[in-house]
Amino acid sequence: MYNDFYNDNIKFSNALEDANSDIANEKQIFASIISNGISLEKANTIVEKLYYNFYNLHNIVNASEKELLKIKGLNLKKINLIKSIPSILEYYLLSSLKVASPSIKKKDLINYLIVKLGKLKFETFSVICLDINKRFISAEHIFRGTIDSATIYPRDLVEKSLSVGASYVIISHNHPSGISKPSKEDIEITKVLYKAFMMVDIKMLDHIIVAGNSFYSFKEDGMFDKYKHNAEV
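Residues numbered from 1 in each chain as written. Predicted model: local features only at pLDDT ≥ 70, side-chain atom pairs only at ≥ 80, totals over all residues. Heavy atoms only, no water.

Participant: Even after reading the chapter, I still don't get the sheet that holds strand S2 (residues 136-144), so can you show me in this structure?
Facilitator: In a beta sheet, neighbouring strands pair by backbone hydrogen bonds and run either parallel or antiparallel. Ordered by their spatial adjacency, 5 strands build an open sheet running S2-S1-S3-S4-S5, and the pairing between neighbours is mixed. Two strands lie at the open edges of the sheet, namely S2 and strand S5 (214-217), each paired on one side alone. The average undirected angle you get between the axes of adjacent strands in this sheet is 20°. Bridge analysis of strand S1 (residues 124-130) against strand S3 (residues 168-174) gives 6 bridges, and the strand direction is antiparallel. From the neighbouring strand, Cys129 faces S3, where its bridge partner is Val169. Strands S1, S2, S3, strand S4 (203-211) and S5 of the sheet are contacted by helix H7 (residues 106-117), whose axis makes an angle of about 45° with S4. (Pairing = 2+ DSSP bridges. Helix = DSSP H or I, 4+ residues; strand = E, 2+ residues; numbered from the N terminus. Axes fitted to C-alpha atoms, helices over the stretch in contact; angles between N-to-C directions. Contact = heavy atoms within 4.5 Å.)

Participant: Whenever I open this one, the pairing of S2 confuses me. Can you help?
Facilitator: Side-chain direction in a regular strand flips from residue to residue, so the side chains alternate between the two faces of the sheet. Sheet analysis places S1 next to S2, joined by 7 bridges and oriented antiparallel. Residue pairing in the sheet places Thr124 in a bridge with Arg144 of S2. Following S1, the chain reverses through 5 residues before pairing antiparallel with S2; Lys134 in that reversal takes a positive phi of roughly 65°.

Participant: Please explain the nonpolar core as it appears in this structure.
Facilitator: Burial of nonpolar side chains together is a common tendency in soluble globular proteins. Ranked by internal contacts, the top residues of the largest apolar core, which has 23 residues, are Val169, Ile171, Leu193, Phe197 and Met204. Elements represented by at least two residues in this core include exactly S1, helix H8 (154-163), S3, helix H9 (184-198), S4 and helix H10 (223-232). In this structure Leu193 touches Phe125, Pro154, Leu157, Ile171 and Met204, once residues within four positions along its chain are discounted. (Core = buried A, V, L, I, M, F, W, Y, C linked by side-chain atoms within 4.5 Å. Buried < 20%, exposed > 50% of the residue type's maximum accessible area, 1.4 Å probe, protein only.)

Participant: Would you mind showing me how to read the environment of Ile82 here?
Facilitator: Topologically, Ile82 is positioned in helix H5 (residues 76-83). Residues Ile82 and Ile33, spaced 49 residues apart in sequence, show a C-alpha to C-alpha distance of 8.3 Å. Setting aside anything within four residues of it in sequence, one finds Ile82 in contact with Phe30, Ile34, Leu50, Ile60, Val61 and Leu74.

Written as C-alpha cells, this is what we have:
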C-alpha cells in the first residue's frame, strides 16, 4: 500500500513538472510575440504581470482593452496583437487542413472547428467540402441563426457542395449553450441532409456539433449507421 502511495506521488510530481514546463514554454512564446520594439526581458516582465492578473492565456486574450491597458508596458498595438492570437491559430489550423495529405485528419478538423465555432455567442451552420480523395476543398458557412428559428434548405447545401466539386461533406454547427448533445431538430435535419446528399452521390461523412471545447459526432455515436440502414430499406 505504501509503495502504491509512493508511486502515485511520483506520478503526480511528474505531472506537475510537465504542467509547469508547459506554462513556462507558453510564457516564453507569448513574450516573443509581444517583444517587438522592446527587449525580451521587458516582454517577460509584462507577461508575468499578465499571468499574475489574469491567470492564463485564455483570460488574457479575452480581457477587455480597458483591463489590459492597466498593465504597465502594454499599448494598443500590443493589445491588438494579443487579441489576434485566436485568429492566427484559426488560420494555422485551416492551413493544416488544406495541406493535409493524403486526406484530412479528424483531429485537425475538430481542433479547427472548436477554435472557429466553440466560443461564438450565436449559432452558425457550415459544410466542410472534400474531394474524391477526402482532401479539403473549402469550408462553406451557410447561415447564422439557430436550427429552431432559421430555415435550412437542403438544396442550398447540396448546390454549394456540387459547385465546388465535393465528393464528401462534413456538416458542422455550434451550440452557444455549451452543451454539445444534439437536439431533436439537429437529429431531424441531419437525417434530411444525409438523404439529400446521397441523392446526388455526395457522401455525408459526419455532422459535428461544437460546444465550447467539447464536441459531439453523429458518426462516432452510430447515428449514421441508422441513416444508412434506413436509406437501404
